[in-house]
Amino acid sequence: MYQRTDAKVAALVVGVTVLGITLLRAAGIPLFEGVGIAEGCSPADRLLHPLVHGGWLHALVNVYVLWQLVFFFPVSLRLLLAAYVLACGCPVVVAVWTILPSPSHVVVGLSGVDYVLMGWLMPSVPRRLRFNAMVVGWMLAGMVAGSVAVGMHLYCYLCGTIVGWSRRL
């Protein structure tokens, strides 16, 4: 296990915040309604979209993946912040692209940050083919589930991969 305590603390705080917001929304408290990446969204909506999720399963999977990446790979706080910025900067036309029609066309969730981190880590993992197969499997699972922002996931993974390869040069 890597000793990047600042990134671990930040990931724990983000995860607990996401789960707390999900709990409050499930209890009927209209918290962060309308937040997400969508046509004409405000900068605040973009910055808050990783904290809002479509339900418990969505929140739990995203937080679990974040914690796995931060606790078992050399993720720094600076990288975590860069992943957040890249995910929030995804163009709307790319972010809302899905395989199956989505009724809302609003993108929410922490998965963009997760995919940037996975892309950044990919060049340094020993079994790249296996790692990429796992990432593609997650993307395919999302496509089958429907209403998943495939464009956002692909964009974030490619951004992370480009940054990951460039730091190796």
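Preceding this section is the structure that the text describes.
Thresholds, definitions, all that
- Residues numbered from 1 in each chain as written.
- Predicted model: local features only at pLDDT ≥ 70, side-chain atom pairs only at ≥ 80, totals over all residues.
- Heavy atoms only, no water.
- Helix = DSSP H or I, 4+ residues; strand = E, 2+ residues; numbered from the N terminus.
- Buried < 20%, exposed > 50% of the residue type's maximum accessible area, 1.4 Å probe, protein only.
- Contact = heavy atoms within 4.5 Å.
- Core = buried A, V, L, I, M, F, W, Y, C linked by side-chain atoms within 4.5 Å.
- Salt bridge = Lys/Arg side-chain N within 4 Å of Asp/Glu carboxyl O.
- Phe/Tyr/Trp six-rings, centres within 6.5 Å; stacked < 30°, edge-to-face > 60°.
- Lys NZ or Arg CZ within 6 Å of the ring centre and 35° of its normal.
- Patch = residues over 30% accessible without salt bridge, like charges linked within 9 Å, V, L, I, M, F, W, Y side chains within 5 Å.
- Areas by Shrake-Rupley, 256 points an atom, 1.4 Å probe, with all protein chains shown as cover.

Peer 1: How should I be thinking about the environment of His105 in this particular structure?
Peer 2: By the element assignment, His105 lies in the loop between α5 (92-95) and α6 (111-121). Given a relative accessible area of 40%, His105 falls into the partly exposed group. Residues His105 and Val92 lie 13 residues apart in sequence; the distance between their C-alpha atoms is 9.6 Å. Those residues within four positions of His105 in sequence are excluded, and the remaining contacts are Ile37, Ala38 and Val96.

Peer 1: Just checking my understanding: could you explain the nonpolar core for this structure?
Peer 2: By size, the foremost hydrophobic cluster in this structure holds 42 residues, and its most contacted members are Leu66, Val70, Leu117, Met152 and Tyr157. Broken down by secondary-structure element, the contributors of at least two residues to this core are α1 (5-26), α3 (56-72), α4 (77-88), α5, α6, α7 (128-145) and α8 (150-168). Leaving out residues up to four positions away in the same chain, Val70 has contacts with Ala7, Lys8, Ala11, Val75 and Leu80.

Peer 1: Can you help me understand unusual backbone geometry in this one?
Peer 2: Backbone geometry follows two general trends: most residues other than glycine have a negative phi, and most peptide bonds adopt the trans configuration. One non-glycine residue, Phe32, lies in positive phi territory at about 55 degrees. By the element assignment, Phe32 lies in the loop between α1 and α2 (43-48). Classification of Phe32 by relative accessible area gives partly exposed; the value is 27%.

Peer 1: Looking at this structure, how should I read the pattern of salt bridges?
Peer 2: Think of it this way: side chains of opposite charge can pair up when their charged atoms draw near. Evaluation of the coordinates by the stated rule reveals 1 salt bridge. Among the ionic pairs, Glu33 bridges to Arg25, the shortest N-O distance being 3.7 Å.

Peer 1: I keep staring at the packing of aromatic side chains and nothing clicks. Help me out?
Peer 2: How two aromatic rings sit relative to each other is given by the distance of their centres and the angle of their planes. This model, assessed by the stated rule, comprises 0 aromatic pairs. A cation over an aromatic ring shows up here: Arg167 above the ring of Trp120, its NZ or CZ 4.1 Å from the ring centre.

Peer 1: Please clarify how a nonpolar patch on the surface should be interpreted in this entry.
Peer 2: Residues Leu23, Trp56 and Leu60 make up a contiguous nonpolar surface patch of about 300 Å² in total accessible area. As for its position among the elements, Trp56 is in helix α3.

Peer 1: Can you help me understand the environment of Ala59 in this one?
Peer 2: With respect to the helices, strands and loops of the structure, Ala59 is situated in helix α3. Between the C-alpha atom of Ala59 and that of Gly15, which follows or precedes it by 44 residues, the distance is 8.6 Å. Residues in contact with Ala59, not counting those within four places in the same chain, are Val18, Leu19, Thr22 and His53.

Distances and angles like these do not, on their own, reveal function.
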